[in-house]
Amino acid sequence: MPVPNMNLSEGLEALGFSRVPGADTWRHNGVSFAAEGAWGVLRTSAAVAGDPLAAQWGRAGLWKAVSVGMRHRRPARGASVGARGSRFRRIFELPLATVAEREGDADAGAAEGRAVSPFEAAIAWGLATLDGQCPPGWRAPARAEVEKHVPPGGLTMRSGAHARQGEVVADGGRLALRMAILAHLPAGLSECRLAWLRQLLLDAQDRWRLVRLAPVADAGDGPVEAEVDLTGAPPWLLDGLVPVAASALRHAVAWVVGPCAFLAHAVREPRALALCSGARDVARLACPAVSSARTPLLDKPAVPPLREGPAVPLSHKPERG
Amino acid sequence: MSVGEQAVMAAQPPGAETLSFQAADVTGTHCATVSDVQRALPAGAVAQSLASMWSLPQNVPWSLRNDSTGAFLEDDVPIGQQVGSEAEARLTVTPRTHLG
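Residues numbered from 1 in each chain as written. Chains lettered and ligands numbered in written order. Predicted model: local features only at pLDDT ≥ 70, side-chain atom pairs only at ≥ 80, totals over all residues. Heavy atoms only, no water.

(A) Up close: the overall build of chain B. A count of helices and strands for chain B gives three helices and four strands. Counting all 100 residues of chain B, 44% fall into the buried class. Within chain B, counting contacts between residues at least 6 apart in sequence, those at least 24 apart form 59% of the total. Summed over its atoms, the accessible surface of chain B is roughly 4,800 Å², and 52% of this surface lies on carbon and sulfur atoms. (Helix = DSSP H or I, 4+ residues; strand = E, 2+ residues; numbered from the N terminus. Buried < 20%, exposed > 50% of the residue type's maximum accessible area, 1.4 Å probe, protein only. Contact = heavy atoms within 4.5 Å. Areas by Shrake-Rupley, 256 points an atom, 1.4 Å probe, with all protein chains shown as cover.)

(B) Examining the confidence of the model for chain A more closely. Residue and element names in this part refer to chain A. Summing up the model confidence of chain A, the mean pLDDT is 79 and the portion of residues at 70 or higher is 71%. Within chain A, strand β11 (residues 212-213) carries the highest mean pLDDT (96), whereas helix α9 (residues 279-286) carries the lowest (50). Every residue in residues 283-313 scores below 50 in pLDDT, and together they form 57 contacts with partners more than four places removed in sequence or on other chains. (pLDDT = per-residue confidence, 0-100.)

(C) Fine view of the pattern of salt bridges. All names here are of chain A. Following the criterion strictly, the structure yields 14 salt bridges over all chains and no others. Two residues, Asp203 and Arg207, come together in a salt bridge whose shortest N-O distance is 3.9 Å. Of this pair, Asp203 and Arg207 both sit in helix α6 (residues 191-207), four residues apart, which is roughly one turn of the helix. Residue Asp203 is classed as partly exposed on the basis of its relative accessible area of 25%. Judged by its relative accessible area of 27%, Arg207 is partly exposed. (Salt bridge = Lys/Arg side-chain N within 4 Å of Asp/Glu carboxyl O.)

(D) A look at the sheet that holds strand β5 (residues 64-67) of chain A. All names here are of chain A. Across the sheet, which stays open at both edges, the six strands sit in the order β1-β2-β3-β4-β6-β5 with antiparallel pairing between neighbours. This sheet does not close on itself; its edge strands, each paired only once, are β1 (18-19) and β5. Relative to strand β6 (residues 88-95), helix α4 (residues 118-128) is tilted by about 155 degrees, and along the sheet it contacts β3 (31-36), β4 (39-47) and β6. (Pairing = 2+ DSSP bridges. Axes fitted to C-alpha atoms, helices over the stretch in contact; angles between N-to-C directions.)

(E) Layout of the sheet that holds strand β4 (residues 90-95) of chain B. Residue and element names in this part refer to chain B. On the basis of which strands lie adjacent, the open sheet formed by four strands has the order β2-β1-β4-β3 and mixed pairing. Every other strand in the sheet has two partners, leaving β2 (31-38) and β3 (62-66) as the edge strands with one partner each. With strand direction ignored, the average angle separating the axes of adjacent strands in the sheet is 40 degrees. Pairing between strand β1 (residues 18-25) and β4: four bridges, direction parallel. Each residue of the ladder has a partner; that of Gln22, found in β4, is Arg90. Contacts from helix α2 (residues 43-53) reach β1, β2, β3 and β4 within the one sheet, and its direction differs from that of β3 by about 110 degrees.

(F) The arrangement of the side chain of Thr92(B) in detail. Here Thr92(B) lies in strand β4. Dropping the residues within four chain positions of it, Thr92(B) is found in contact with Ala24(B), Asp25(B), Val26(B), Ser63(B), Leu64(B), Arg65(B) and Asp67(B).

(G) Highlighting the packing of α6(A) against helix α7 (residues 238-264) of chain A. Residues and elements named next belong to chain A. Between α6 and α7, whose axes approach to 10 Å, the crossing angle comes to 175 degrees. Taken together, the axes of α6 and α7 lie roughly antiparallel to each other. Seen from α6, the contacting residues are Arg193, Trp196, Leu197, Leu200, Leu201, Asp203, Ala204 and Arg207; seen from α7, they are Trp255, Val256, Pro259, Cys260, Leu263 and Ala264. In terms of residue class, the contact of α6 with α7 is made up of 11 nonpolar, no polar and three charged. (Parallel < 35°, antiparallel > 145°, perpendicular 65-115°, else oblique. Nonpolar A, V, L, I, M, F, W, Y, C, P; charged D, E, K, R; others polar.)

(H) Seen up close, the packing of aromatic side chains. Following the criterion strictly, the structure yields four aromatic pairs over all chains and no others. Centroid distance Trp26(A) to Phe33(A): 6.1 Å. Interplanar angle 55 degrees. Geometry classified as tilted. The two residues Trp26(A) and Phe33(A) agree in class, both being buried. These aromatic residues form a ring-pair network of at least three members: Trp26(A), Phe33(A) and Phe119(A). The aromatic ring of Trp63(A) is capped on one face by Arg90(A), whose charged end is 5.4 Å from the ring centroid. The lysine or arginine in question, Arg96(B), covers the ring of Phe72(B), its NZ or CZ lying 4.9 Å from the ring centre. (Phe/Tyr/Trp six-rings, centres within 6.5 Å; stacked < 30°, edge-to-face > 60°. Lys NZ or Arg CZ within 6 Å of the ring centre and 35° of its normal.)

(I) Examining the confidence of the model for chain B more closely. Residue and element names in this part refer to chain B. Scored by pLDDT, chain B has a mean of 82; 78% of the residues are at 70 or more. Throughout residues 1-8 the model reports pLDDT below 50, and contacts reaching past four residues in sequence, or to other chains, amount to 16 contacts. Contacts of residues 10-16 to residues separated by more than four positions or lying in other chains number 20 contacts, the stretch itself having pLDDT below 50. Confidence estimates for the predicted assembly give a pTM of 0.80 and an ipTM of 0.81.

(J) Spotlight on unusual backbone geometry. Phi angles above zero are rare outside glycine, and Asn29(A) is one such case at about 50 degrees. Mapped onto the secondary structure, Asn29(A) falls in the loop between β2 (25-28) and β3. A residue is classified by how much of its surface remains accessible, and Asn29(A), at 69% relative accessible area, is exposed. Not every positive phi belongs to a glycine, and Asp36(B) is a case in point at roughly 60 degrees.

(K) Representation of the nonpolar core. Residue and element names in this part refer to chain A. In terms of nonpolar packing, the biggest core is built from 81 residues, with Ile181 and Leu201 touching the most fellow members. Ranked by the residues each element gives to this core, the list is headed by α7, at 17 residues. Ile181 has contacts with Arg164, Leu201, Leu213, Val224, Glu225, Ala226, Val253, Val256, Val257 and Cys260, leaving out every residue within four places of it along the chain. (Core = buried A, V, L, I, M, F, W, Y, C linked by side-chain atoms within 4.5 Å.)

(L) Representation of the pairing of strand β12 (residues 224-229) of chain A in the model. All names here are of chain A. Within β12, six of the six residues are buried, which leaves it mostly tucked inside the rest of the structure. Here β12 shows no split at all, with Val224, Ala226 and Val228 on one side and Glu225, Glu227 and Asp229 on the other all buried. Across six bridges, strand β10 (residues 174-182) lies against β12 in antiparallel orientation. Looking at the pairing, Ala180 lines up with Glu225 of β12. Taken together, the two bridges between β11 and β12 define a ladder with antiparallel strand orientation. Its bridge partner being in β12, Arg212 is matched across the sheet by Glu227.

Written as structure tokens, this is what we have:
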């Protein structure tokens, strides 16, 4: 899908970005912007420390951690990506159509005593939530107001035998769409199953735009959820963004719920998981703490087959290279 | 129905109410106690999920019928609003067909 016809430079330069010579990329204070298809993407250059699922979970805005080479461009050849865990960077993705349709709308932009374009206001939202905090003075609209923007059935996910109902969380300084993947993890899940689960959630977070996946507690017994956080979003943006966010949430949960349920199932013995080749690698990638676990090896990975292949307008293919 | 099949249906967001009920297909071939179903789920989605779990044809519009009243549940209405707090609700997965 082409980039909507908008003047990106003007808004970005007003926010302090400067264009990288010879590239369609802008940079400002360690944050870069690039238009990719129908999406405008902010990226941080700093590595994400710690658990990439926990890094942004529950924090304000659309920022989330993705792995380098998936949706975060690989560093230049020869450049160091740093120490362990630094293969994750933060990313903020905005469907440009949601701001393009508000171009010229007087309601969509007035800040600091001057008119701003909807695009500039949306990018300013990204920058304002860079630290994960709710912008000062911002209040969530009433839940009923947000639910008006959700199309009928927009927060109902059904995939095979799995059905989930999402909800709008609107509470003062918090606005999010949230959907449960698993009610709770059974206590006592093996390290191997937890590692596979973490890797699966990381993969889903990498693959699906806008959606963040919950970190998995070592002790289990907590819920596993997905969310799209809209905290701090300009009110006029919700009209276009909420339906996209609901769709993204549905698709991501549909993609991940079957394998998650399989991994968390207390009755089925996932012997294949423990025996599969690469289980040790999965454990190391998903949770460095369990990288020392010794796992027997076999020939083929036993990632459970995905039951449903929904249309993937919100997913992307990994970057080559 | 195995415990595993029941768990597949389960989804309970934090703080949300859930319900349990007895479910069977219209032929009586399958029956199960389904628990931890989100009350906010539309009844139609629950019916289709049960049909899928039992490998019933997916090109058929399945609905839930309340055995105690004989009434079909509204597909688009949350199941929690239609089943209420009956501890032993019995629902039958039934194809919604028109015979002429």
